[in-house]
Amino acid sequence: MPELPEVQTVVAGLGRRLPSRSIVSVELLRPDMVRYPGKNQFIAGLKGLVIAYVGRYGKYIEIAGREQRVMSAAPSRPQASLFVHLGMSGKLIWAVPKGPAALEKHTHLKVTLDDGATLSFVDPRRFGMLALGSREELLESAVLPRLGPDPVVSPPSAGELWADLMQRRRPVKLYLLDQTRIAGIGNIYADEICFDARISPFRLCATIRRKECVRLAAAIPRVILAAVAAGGTTFRDYRDAVGNRGQFGQQLAVYGRAGEPCVDCGLPLSFGRLGGRGTTFCGKCQR
Ligand SMILES: [Zn+2]
């Protein structure tokens, strides 16, 4: 499942290719992937969209349109953005077709740009989604959720994190997975962050000591930024904007390594379940 580093890698790839391009044609093959607005409005709004920039809201990719001024006297329309969530298995692939090509299986949306390149949203398991509108409008209508601070843009300070942790009784890993507390962290990086901070994923938030919280607050951006630098982690479906795999898998300390030796103490890593999610940790190094 793509988490923040994978989404950020896609955003960076698209950000080098999409700004100032416009969308000249839209093929919507699965209208039920559009969460907002209706199918016809979605297609009409997307067609002619001039792309200003590519950004990210938590795990949502934002392809932002330029403000449109119909007449100089008229108030400008709010900026509409295409929001894409990759769900479990989604990909957003930019390509320059070398002639007519068959549509990749599970393509739900394909747009063509004014330079002839295409952008395709492919999602076999269909847990992803598409929406078109301004960020404010989509937050207002609850199409986009309200998210906690972003670990890349505005990671919480140790003091802020500690104040919040002290209010909560759930295990620290489940806190990290809660998008309303911190945005963008999923199962892979929650395990990696807990190991990096040397804190057991099972520890209840309110029992975390101040100096442990300092380690945790530092681990969150450190792990996420290292993964961004490696282009994210590919297990199965995830690909970047041009179809490459992420390279962070080789740097994972715990996730997917249950039974293998801990990189620190050499003892075999343990495996357990937390909130229904597989959890890998070192029983000796993480307390
Ligand atoms: Zn260890």
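Just so you know, these numbers come straight off a predicted model, no measurement behind them.

### Side note on helix α1 (residues 4–15)
- The end-to-end C-alpha separation of α1 is 16 Å, in line with the 16 Å expected for 12 residues at 1.5 Å each.
- Extensive coverage of α1 is indicated by the burial of 9 of its 12 residues.
- On its buried face, α1 is in contact with β3 (51–57), β4 (60–65), β6 (91–95), β8 (118–122), α6 (187–196) and α7 (210–229).

### Here we look at the pattern of salt bridges
- Evaluated as defined, the whole model comprises 15 salt bridges.
- Where Asp 264 meets Arg 198, a salt bridge forms, and the shortest distance between an N and an O atom there is 2.7 Å. Taken together, the positions of Asp 264 in the loop between α7 and β10 (270–274) and Arg 198 in the loop between α6 and α7 put the pair 66 residues apart, joining distant regions of the chain.
- Since its relative accessible area comes to 25%, Arg 198 is described here as partly exposed.
- Salt bridges sharing common partners tie together Arg 21, Asp 114 and Asp 115.

### Looking at the coordination of the zinc ion
- Looking at the zinc ion, one finds its protein donor set to be Cys 262 (SG), Cys 265 (SG), Cys 282 (SG) and Cys 285 (SG), positioned 2.3 to 2.4 Å from the metal centre.
- Geometry at the zinc ion is tetrahedral, judged from its 4 donor atoms and the angles of 101 to 114° they form at the metal.
- Binding-site remark: the zinc ion is held by donors from one chain whose sequence spacing is C-x2-C-x16-C-x2-C. Taken as a pair, Cys 262 in the loop between α7 and β10 and Cys 285 in the segment after β11 (277–281) lie far apart in primary sequence, 23 residues in all. Across the pair, Cys 285 and Cys 262 agree in class, each one buried.

### Observations regarding the sheet that holds β4
- If you walk across this open sheet you meet the 5 strands as β2-β9-β5-β4-β3, and the pairing is mixed. Looking at the sheet topology across the chains shown, the edges are occupied by β2 (34–36) and β3. Across this sheet, the average inter-strand angle for adjacent strands is 20°, counted without regard to direction.
- The pairing of β3 with β4 spans 6 bridges and is classified as antiparallel. Along β4, the bridge assignment pairs Gly 55 with Glu 62.
- Packed onto the sheet, α1 meets β3 and β4 and runs at close to 175° relative to β3.
- Most of the contacts of helix α2 (residues 39–46) go to strand β9 (residues 129–133), to which it runs at about 65°, and overall it touches β2, β5 (81–85) and β9.

### Observations regarding the sheet that holds strand β7 (residues 107–113)
- Strand order in the open sheet made by the 4 strands is β1-β7-β8-β6, with antiparallel pairing throughout. Every interior strand has two partners, whereas the edge strands, β1 (23–28) and β6, have only one. Taken over all neighbouring pairs, the strand axes of this sheet differ in orientation by 15° on average, direction set aside.
- Relative to β7, β1 is paired through 5 bridges, and the arrangement is antiparallel. Looking across to β7, one finds that Ile 23 is bridged to Leu 113.
- Packed onto the sheet, α2 meets β1 and β7 and runs at close to 155° relative to β1.

### Brief notes about helix α4 (residues 158–165)
- Every buried residue belonging to α4 is among Ala 158, Leu 161, Asp 164 and Leu 165, and all of these are buried. Buried positions in α4, seen along its axis, are confined to an arc of 135° and lie on one side of it.
- Against α5 (172–177) and α7 lie the buried residues of α4.

### Overview of the domain arrangement of the protein chain
- Along its sequence, the protein chain is carved into domain 1 (4–140) and domain 2 (158–281).
- Put simply, the middle of domain 1 and the middle of domain 2, counted by C-alpha atoms, are 30 Å apart.
- The interface of domain 1 with domain 2 comprises 18 residues on the first partner and 19 residues on the second.
- In total, domain 1 and domain 2 occlude about 1,400 Å² of area from one another, counting both sides; carbon and sulfur atoms represent 68% of this.
- If you sort the residues of domain 1 by the area they bury against domain 2, Pro 5, Glu 6 and Thr 9 come out on top, with a joint share of 36%.
- Our enumeration of links across domain 1 and domain 2 arrives at 0 salt bridges.

### Here we look at the environment of Leu 4
- Looking at the element boundaries, Leu 4 is found in helix α1.
- Considered as a pair, Leu 4 and Asp 264 are 260 residues apart in the sequence and their alpha carbons are 26 Å apart.
- Among all residues touching Leu 4, those that are not within four sequence positions of it are Arg 56, Lys 59, Asp 150, Pro 151, Val 152, Ala 183, Gly 184, Ile 224 and Val 228.

### Structural notes on the packing of α4 against α7
- At their nearest, the axes of α4 and α7 sit 9 Å apart, and the two run at 115° to each other. In this structure, α4 crosses over α7, and the sense of that crossing is right-handed. Residue-level contacts link Ala 158, Gly 159, Leu 161, Trp 162 and Leu 165 of α4 to Arg 210, Cys 213, Val 214, Leu 216, Ala 217 and Ile 220 of α7.
- Its residues assigned to classes, the contact of α4 with α7 comprises 9 nonpolar, 1 polar and 1 charged.

What counts as what
- Residues numbered from 1 in each chain as written.
- Predicted model: local features only at pLDDT ≥ 70, side-chain atom pairs only at ≥ 80, totals over all residues.
- Heavy atoms only, no water.
- Helix = DSSP H or I, 4+ residues; strand = E, 2+ residues; numbered from the N terminus.
- Expected span 1.5 Å × (residues − 1).
- Buried < 20%, exposed > 50% of the residue type's maximum accessible area, 1.4 Å probe, protein only.
- Contact = heavy atoms within 4.5 Å.
- Salt bridge = Lys/Arg side-chain N within 4 Å of Asp/Glu carboxyl O.
- Donors = N, O, S within 2.8 Å, 3.2 Å for Na, K, Ca; no water.
- Tetrahedral: all angles 85-135°; square planar, octahedral: opposite > 155°, others 65-115°.
- Pairing = 2+ DSSP bridges.
- Axes fitted to C-alpha atoms, helices over the stretch in contact; angles between N-to-C directions.
- Arc of directions from axis to C-beta.
- Domains from an automatic or database assignment.
- Buried area = accessible area lost by both parts, 1.4 Å probe.
- Left-handed = near helix turned anticlockwise from the far one by under 90°.
- Nonpolar A, V, L, I, M, F, W, Y, C, P; charged D, E, K, R; others polar.

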